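Listed below, chain by chain, are the residues.
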2 protein chains.
Amino acid sequence: MTPYDLSVRFFLEAALILATCRLTGLVFARLGQSQVVSEMIAGVLLGPSLLGSLAPDLSAYLFPPETRPILYVIAQLGLVLYMFLVGTEFDLGLLRSRWRSAAMVSAAGIVVPFVLGALLALYCAGDPRLFSPATTTGQAVLFFGAAMSITAFPMLARLIVEQGLARTSLGALALAAGSLDDVAAWMVLAIVLASFGHAPAIAIYAIGGGVLFALVVLGVLRPLLRPLGSRIEAEGRLDMATLVTALMLLMLGAWFTDAIQIYAVFGAFLMGAAMPRGRFAAELVRSIKPLTLALLLPFFFVYSGLNTRLGLVNTPSLWLLAALVLLAATAGKAGACYVAARLAGEPHRDALAIGTLMNARGLMELIILNIGLSRGLIQPALFAIMVTMAVATTLATTPVFTRLHGRRAEGLVP
Amino acid sequence: MTPYDLSVRFFLEAALILATCRLTGLVFARLGQSQVVSEMIAGVLLGPSLLGSLAPDLSAYLFPPETRPILYVIAQLGLVLYMFLVGTEFDLGLLRSRWRSAAMVSAAGIVVPFVLGALLALYCAGDPRLFSPATTTGQAVLFFGAAMSITAFPMLARLIVEQGLARTSLGALALAAGSLDDVAAWMVLAIVLASFGHAPAIAIYAIGGGVLFALVVLGVLRPLLRPLGSRIEAEGRLDMATLVTALMLLMLGAWFTDAIQIYAVFGAFLMGAAMPRGRFAAELVRSIKPLTLALLLPFFFVYSGLNTRLGLVNTPSLWLLAALVLLAATAGKAGACYVAARLAGEPHRDALAIGTLMNARGLMELIILNIGLSRGLIQPALFAIMVTMAVATTLATTPVFTRLHGRRAEGLVP
């Protein structure tokens, strides 16, 4: 397909994706699901699980493999713009009284699921349906542990924002713990990949680069941008040149964190957190929000659905293992985060909300699973089990969370 | 490259493109050029003409062929969003007193350059440096005529908007004539391609589909959307669901006109023109404008520069022909449109402005030339001559136009 052919097909895909998201949004809002889940379901409907099995020819025409990289990049663009906006709403000041909770929750949210995942890996390391013969037990343990400790930071962030909690101390706590877990899981994955490839540089780049990036962005760039913030505060509006500069910094941060393999989400969020507060941040949100939310971000959540293939878990023993994985994932993540939050002094309701949010795996899980599958570490059956776990934890999050915190619509969502 | 690799490289390209546009914007604004030209120049600097010849390895790393389709699609996305906005500013009512001028200018702007191009083609049809041996004289005449009658509608629209003329009757006249010429040139090209491929369906789809599209969008969709416009007028703000619906219609229009080969620009512009006026249109502009102008649209103009390879016109006889082509192109387009506007009763200054605007060829010319080159109708030397003409007419437009109308910054541009 020529670039021209690709753009024709892309416009058709975009129209279809927007129309499907509108429909699922109408239906699933009544079922107590959030907009983000309805977008993931739109992706499942348009993907191999429904459209692909009902009308394979139509599906192959509408979503040919050649357009996948384009959908992926536009999804990533939408995602980093969104995480940048979430970053501008993130207020370290709100966290002051709760930094201990954030540290304990994120530590528990990494360590406990990792240990439970490692135990599960020890239990089933020899099974040829799950791991390929070339995978050693040590590698299985590391990979399973990393895969269990994933948190869907973009989904957590979107729920926090959709519920109007971004500027509350609970929201700041969840965002801080989520972003720490997100970056920690990618660092663990980098260690796993380094040990598989006997290339320690991967881990050194990821961990050293990640720490360096955070120090430079928050310690150097943030104070440097402060005069710009005062100028915009005085002028009352953001000029085009400053908006372009901010977007350029965002792209640079997304590129750097992507390149060192701790994922663009973290870079975009931190870059947003480094932007001057007040009028500057408000004008950034006003300029970037509507098109990002209405057009670009849905590609990200739809893309994750497009890549979800349900129905591969099809024998009783695999169902049993899937139930075990789901139980371990929820106990290790939601349970451990709840206990950690309670130990840090959070009230029951807030601790439950945090645990629920941290439990969603979303697309992040699919990314790490695809790495494992494409490098021949795990087999399709284990892939399907883990996908089932990711979908279940993701779908469960919104109803539980909205029951705890009601349905509001403030913050970034108009 | 995996989708992940592509997105990493894309973020780097995006940062580089935004930074280069900021720099060229600063420099070329002082030289009397508009933002749109400075973006095209940024593309030339980053493309084969400068970066590619100074540092070929770096250039190959930064802009690998695999990312071209992605840059193209994002450029197209930015372009259709922009043309949609221009469409929402287009006011048929302003045209009422000047519809005769619009008809005469657009007719002259198609017919005269086509005839001059055909004469030039007759003059040099046998030259093997220019046309491939397989091209018949009739085909050479049709292709050359179509290539000469191109108008860079997106560039014309952006200049009109940058100068704050979109809501004036002069702006409406230029937009109407530009869009008519744009769609007419694509219809002529469809006839050319149909005659080359002995496939009359191409021409029937393009012409029949284009007329049908205009009738349905303006005759059926526009009245259907009116109640929505009244609701938004009463509510005072655009809700997310309505914004998504408008964007979905835009994508559908872009897809349809692209698929019938009269190009997405026309579909996006007409779809914008069909949107309810007043608060609805103003809210669309407010929601879509900032991110489109700051992030997405620059990809389109940079992409056109990235694909411009200067320096292939390198013998005296080719220089002579290039001068002849440039003369014929300017006389046929700028001259004929000026005369037509004067005959229709326009004042000298407005007629000159219209002629200047219609003369810019921009990226549209490159698209048709690439079709001719890739299908083996023309040779690289003729391609280079026509590219030189396109660049010269494009660069000349802004200084002449701003001399006539001064520098303002209203309308879409903040």
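Predicted, not measured: the structure shown is a model, and the values here were computed from it.

1. What to know about the overall build of chain A
- Counting its regular elements, chain A contains 18 helices and zero strands.
- For chain A, the spread of C-alpha atoms along the principal axes amounts to about 65 × 55 × 45 Å.
- The buried share of chain A, taken over its 414 residues, is 58%.
- Across chain A, contacts joining residues at least 24 apart in sequence account for 81% of those joining residues at least 6 apart.

2. Side note on unusual backbone geometry
Residue and element names in this part refer to chain B.
- For Gln-261, which is not a glycine, the phi torsion comes out positive at approximately 65°.
- Looking at Gln-261, the number of C-beta atoms within 10 Å reads 21, which means it is buried.
- Within the chain, Tyr-263 stands out as a residue other than glycine whose phi angle is a positive 80°.
- Along the polypeptide, Tyr-263 turns up in the loop between α12 (240-259) and α13 (264-274).

3. Here we look at the nonpolar core
- With 330 residues, the main nonpolar core has A:Leu156, A:Met251, A:Ile354, B:Leu156, B:Met251 and B:Ile354 as its most contacted residues.
- Contact partners of A:Met251, with chain neighbours within four places excluded, come to B:Phe11, B:Ala14, B:Ala15 and B:Leu18.

4. Some points on the interface of chain A and chain B
- At the interface, 43 residues of chain A touch 42 residues of chain B.
- Counting only elements with at least two residues in the side of chain A that touches chain B, the list comes to α1 (3-30), α5 (68-89), α12 (240-259) and α14 (279-306) of chain A.
- Partitioned by chemical class, the residues of the side of chain A that touches chain B number 34 nonpolar, five polar and four charged.

5. Details of the packing of helix α1 (residues 3-30) of chain B against helix α2 (residues 35-46) of chain B
Residues and elements named next belong to chain B.
- Interhelical geometry of α1 versus α2 gives an angle of 125° and a closest axis separation of 8 Å. It follows from the interaxial angle that α1 and α2 lie oblique. For α1 against α2, the interelement crossing comes out right-handed. Contacts from Leu-16, Ile-17, Thr-20, Cys-21, Thr-24, Gly-25, Phe-28 and Ala-29 in α1 reach Gln-35, Val-37, Ser-38, Glu-39, Ile-41, Ala-42, Leu-45 and Leu-46 in α2.

6. Some remarks on the domain arrangement of chain A
All names here are of chain A.
- As assigned here, chain A comprises domain 1 (3-69) and domain 2 (83-299 + 310-405).
- On a C-alpha basis, the centroid separation for the pair domain 1 and domain 2 is 24 Å.
- Of the residues lining the interface, twelve residues belong to domain 1; the matching set on domain 2 comes to 13 residues.
- When contributions to the side of domain 1 that touches domain 2 are tallied by element, the ones reaching two or more residues are α1 and α2 (35-46).
- The greatest single-element share of the side of domain 1 that touches domain 2, amounting to five residues, is contributed by α2.
- Grouping the constituent residues of the side of domain 1 that touches domain 2 by class yields six nonpolar, five polar and one charged.

7. Describing the environment of A:Thr315
- Along the chain, A:Thr315 turns up in the loop between α14 and α15 (316-343).
- Taking the C-alpha atoms as reference points, A:Thr315 and A:Phe131, 184 residues apart in sequence, are found 17 Å from one another.

8. Focus: the relation of the copies chain A and chain B
- Turning chain A through 180° and shifting it by 0.0 Å along the axis lays it on chain B, with an RMSD of 0.1 Å. Read as a symmetry element, the transformation amounts to a two-fold axis. The position closest to the rotation axis in chain A is occupied by the C-alpha of A:Ile70, lying 2.8 Å away.
- Here 98% of the contact residues of chain A are again contact residues in chain B; the copies associate through an equivalent surface.

9. A look at the environment of A:Thr394
All names here are of chain A.
- Tracing the sequence through the fold places Thr-394 in helix α18 (residues 380-405).
- On the neighbour-count criterion, Thr-394 (22 C-beta atoms within 10 Å) is buried.
- As a C-alpha pair, Thr-394 and Gly-126 span 268 residues in sequence and 29 Å in three-dimensional space.
- Apart from residues lying up to four places away in sequence, Thr-394 is in contact with Met-40, Ala-152, Met-155, Ala-360, Arg-361 and Gly-362.

10. Some details on α1(A)
- For α1(A), built from 28 residues, the straight-helix expectation of 40 Å at 1.5 Å per residue is met to within 8% by its first-to-last C-alpha distance of 40 Å.
- Positive phi appears at A:Gly32, one or two residues downstream of α1(A), with a value of about 80°.

11. A look at the packing of helix α7 (residues 99-124) of chain A against α15(A)
Residues and elements named next belong to chain A.
- Where α7 contacts α15, the two axes come as close as 8 Å, and the packing angle between them is 155°. In terms of axis orientation, α7 runs roughly antiparallel to α15. Regarding α7 and α15, the two cross each other, and that crossing is right-handed.
- Of the residues assigned to the contact of α7 with α15, the class counts are 20 nonpolar, four polar and one charged.

12. Quick word on helix α13 (residues 264-274) of chain A
- In terms of burial, α13(A) is a largely internal element, eleven of the eleven residues being buried.
- Buried within α13(A) we find A:Ala264, A:Val265, A:Phe266, A:Gly267, A:Ala268, A:Phe269, A:Leu270, A:Met271, A:Gly272, A:Ala273 and A:Ala274.
- Those residues of α13(A) that are buried lie in contact with α5, α9 (153-162), α10 (169-197), α11 (200-235) and α12 of chain A together with α1 of chain B.

13. Here we look at the environment of A:Trp319
Residue and element names in this part refer to chain A.
- Turning to its location among the elements, Trp-319 is positioned in helix α15.
- When the 13 C-beta atoms within 10 Å are taken as the criterion, Trp-319 is described as partly exposed.
- Trp-319 sits 66 residues away from Ile-385 along the chain, and the two C-alpha atoms are 8.1 Å apart.

14. Some points on the confidence of the model for chain A
Residues and elements named next belong to chain A.
- On average, chain A scores 87 in pLDDT, and the residues at 70 or more come to 96%.
- Across residues 409-414, confidence stays below pLDDT 50; counting only partners more than four residues off in sequence or on other chains, it has 17 contacts.
- Complex prediction metrics read pTM 0.88 and ipTM 0.87.

About the thresholds
Throughout, residues of each chain are indexed from 1 in the direction in which the sequence is written. To read the labels, note that chains go from A and ligands from 1, taken in the order they are written. Only residues with pLDDT of at least 70 are given local features in this predicted model, and only at 80 or more are side-chain atom pairs given and counted; all residues enter the totals for whole chains, interfaces and linings. Put simply, DSSP marks the helices as runs of H or I at least four residues long and the strands as runs of E at least two long, and each gets a number from the N terminus on. To sort residues by exposure, count the other C-beta atoms lying within 10 Å of each residue's C-beta; 20 or more gives buried, 12 or fewer gives exposed, and values between give partly exposed, all with C-beta atoms placed from the backbone. Any pair of residues counts as being in contact when their C-beta atoms, constructed from backbone geometry, are within 7 Å of one another. Here, a nonpolar core means buried Ala, Val, Leu, Ile, Met, Phe, Trp, Tyr and Cys residues linked by C-beta atoms lying within 7 Å of one another. By the convention adopted, Pro, Cys, Tyr, Trp, Phe, Met, Ile, Leu, Val and Ala count as nonpolar, Lys, Arg, Asp and Glu as charged, and the other residues, Gly among them, as polar. To get an axis, fit a line to the C-alpha atoms, keeping to the stretch in contact for a helix; angles then go from 0 to 180 degrees between the N-to-C directions. Any angle that is under 35 degrees is reported as roughly parallel, and any over 145 degrees as roughly antiparallel; angles of 65 to 115 degrees are reported as roughly perpendicular and all others as oblique. Left-handed describes a crossing whose near helix is turned anticlockwise from the far helix by less than a right angle; the clockwise case is right-handed. Domains are outlined according to an automatic or database domain assignment. We place the copies in one frame by least squares, fitting the C-alpha atoms of every residue whose pLDDT is at least 70 in both. Expected helix span is taken as 1.5 Å per residue step, with the number of steps being one fewer than the number of residues. Per-residue confidence from the prediction method is given by pLDDT, with values spanning 0 to 100.

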